[in-house]
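What follows is the residue order along each chain.
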Amino acid sequence: MKCLVLLAISLGISLAWPAGKQEFDALEDPSWKVWKSFHNKEYENVDEERIRNFIWQDNLKRIVSHNQAHKYKLAMNHLGDLTSREVKELLNGFKMKKSSTGSKEKSPTFLAPSNLKVPDSVDWRKEGYVTPVKNQGHCGSCWAFSTTGALEGQHFRKTGKLVSLSEQNLVDCSSAFGNNGCHGGLMDNAFKYIKSNDGVDTEISYPYQAQVGTCHFNVSDVGATDTGYMDITSGDESALQAASASVGPISVAIDASHSSFHFYHSGVYDDPSCSSTELDHGVLVVGYGNEDGQDYWLIKNSWGTAWGEEGFIKIARNQNNKCGVATAASYPLV
């Protein structure tokens, strides 16, 4: 209740509203009721629902206003009753400076093959490298999903078998390597753990729980291994394009702190306020291309298929490293 009161105060909402038509109409709005039903939203009491409805209405107004002025479009989704701050705190768990040594260690850096002819577009989904979109829930474990996505791709490249890997294994077991479960982590740290641990279990043997649990890694359930990882020159979109074209899906971190990202629906995302250095979310580059004359990175998120283009987003490419896509990119070696 204390958290509810603090949220109400921050939003300028009174929990002592007298019963009346205005609040009744808001909670009985058919659109609100349909949205709650579709996303299985339930609230403890009417006070909490009042606050969530207020946030939902505010987000809806922002979405409508944005769509009237921008080419890429937003839409209401399952995050509609959360503030931007809540989304960031709950879901954005990339921690650049979290590592076992207190700083990011140097690693081998990707060099494009001298004879590489980079194609105009790439989509690794079509080649069988990418598992279906997953959902991290209310847990800042994006780093684990980015890690498994990159390793799933490299394992497929080596073996021809697409195996869904366990994010929960990473959440529960890699704290000694600088990760912090639902409170954030770093893909490179997860790659180190997998190397040291001689593998990561399969998704089916170690299913996702969206909370930190007791580590129960089982070597007999290993789905893939790595021998280390390769970083890509920070900020170099050309190097990232070459790696994406020649290697497969790449783990990257981005600035996903803006409501325009939280409610992204379609088009090429190019929010001018998106930072190339303040990164807070781990995702997966699965290709790139051009849409209506605008270059983009094709990115797999871990917020379920109700978000974005069925779980994916196109982020502007060749626009001064938009959202930091090329700032902290890497992939595992297998």
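Looking at an unreviewed UniProt entry, one finds the chain named Cathepsin L, with Pocillopora damicornis as its source organism. Here the chain is described in UniProt, under the heading Sequence similarities (unreviewed entry), as follows: "Belongs to the peptidase C1 family."

Draft legend 1. Seen up close, the packing of helix α3 (residues 30-38) against helix α4 (residues 46-69). Direction vectors running N to C along α3 and α4 enclose 105 degrees, while the axes themselves pass 12 Å from each other. With respect to each other, α3 and α4 are oriented roughly perpendicular. Here S31, W32, W35 and K36 of α3 lie close against α4, whose contacting residues are E49, R52, N53 and W56. Of the residues that constitute the contact of α3 with α4, the class distribution is three nonpolar, two polar and three charged.

Draft legend 2. Structural view of the packing of helix α6 (residues 142-159) against helix α8 (residues 187-197). Put simply, α6 and α8 touch, their axes get as near as 9 Å, and they point 60 degrees apart. When the axes of α6 and α8 are compared, the pair comes out oblique. You can see that α6 and α8 cross each other, and the crossing is right-handed. Here α6 contributes W143, S146, T147, A150 and L151 to the contact with α8, which in turn contributes M187, A190, F191 and I194. Each residue belonging to the contact of α6 with α8 can be placed in one class, and the counts come to seven nonpolar, two polar and no charged.

Draft legend 3. Geometry of the state of the cysteines. In total, this model carries three disulfides according to the counting rule given. Across a sulfur-sulfur distance of 2.1 Å, C173 and C215 are joined as a disulfide pair. Residues C173 and C215 are joined by a disulfide whose S-S torsion is about 100 degrees; by sign, that bridge is right-handed. Here C215 lies in the loop between β3 (200-201) and β4 (222-224) and C173 lies in helix α7 (residues 167-173), a separation of 42 residues in the sequence. Classification of C215 as partly exposed rests on a relative accessible area of 39%. With its bonded cysteines labelled in order along the sequence, the chain shows the pairing 1-3, 2-4, 5-6. Take C142: it sits in no disulfide, and the sulfur closest to it among the cysteines is that of C139, at 9.0 Å.

Draft legend 4. Structural context of the side chain of S166. Structurally, S166 can be placed in the loop between α6 and α7. A distance of 3.4 Å separates a polar side-chain atom of S166 from the backbone nitrogen of Q168. For S166, the side chain forms a polar contact with the main-chain oxygen of Y206, separated by 2.7 Å. Setting aside chain neighbours within four positions, we find S166 in contact with T148, V200, D201, T202, E203 and Y206.

Reading guide: rules and limits
- By convention here, each chain's residues receive numbers from 1 onward along its written sequence.
- Residue-level local features of this predicted model are given only where pLDDT is at least 70; pairs of side-chain atoms are given and counted only at 80 or more, and the full residue set underlies all totals for whole chains, interfaces and linings.
- Side-chain descriptors were evaluated using all non-hydrogen atoms of the structure, hydrogens and water having been removed beforehand.
- UniProt positions are given in the numbering used here, feature names are shortened, and annotations may be inferred rather than shown by experiment.
- Only the contacting stretch of a helix is used when fitting its axis, a line to C-alpha atoms as for every element, and angles between N-to-C directions run 0 to 180 degrees.
- Note on conventions: DSSP H or I runs of at least 4 residues are helices, E runs of at least 2 residues are strands, and numbering of each starts at the N terminus.
- Geometric relationships in this document are graded by angle, where less than 35 degrees denotes roughly parallel, more than 145 denotes roughly antiparallel, 65 to 115 denotes roughly perpendicular, and other angles denote oblique.
- Should any heavy atoms of two residues lie within 4.5 Å, those residues are counted as being in contact.
- Residue type decides the class: Asp, Glu, Lys and Arg count as charged, Ala, Val, Leu, Ile, Met, Phe, Trp, Tyr, Cys and Pro as nonpolar, and the leftover types, Gly among them, as polar.
- Left-handed is the label given to a crossing in which the near helix is rotated counterclockwise from the far helix by less than a right angle, and right-handed is the label when the rotation is clockwise.
- The disulfide definition used here is simple: a pair of cysteine sulfur atoms within 2.5 Å.
- Burial status follows relative accessibility: with a 1.4 Å probe on protein chains alone, a residue under 20% of its type maximum counts as buried, one over 50% as exposed, and anything between as partly exposed.
- N or O atoms closer than or at 3.5 Å make up a polar contact, with two conditions inside protein: a donor-capable atom paired with an acceptor-capable one, and, for residues adjacent in sequence, both atoms drawn from side chains.

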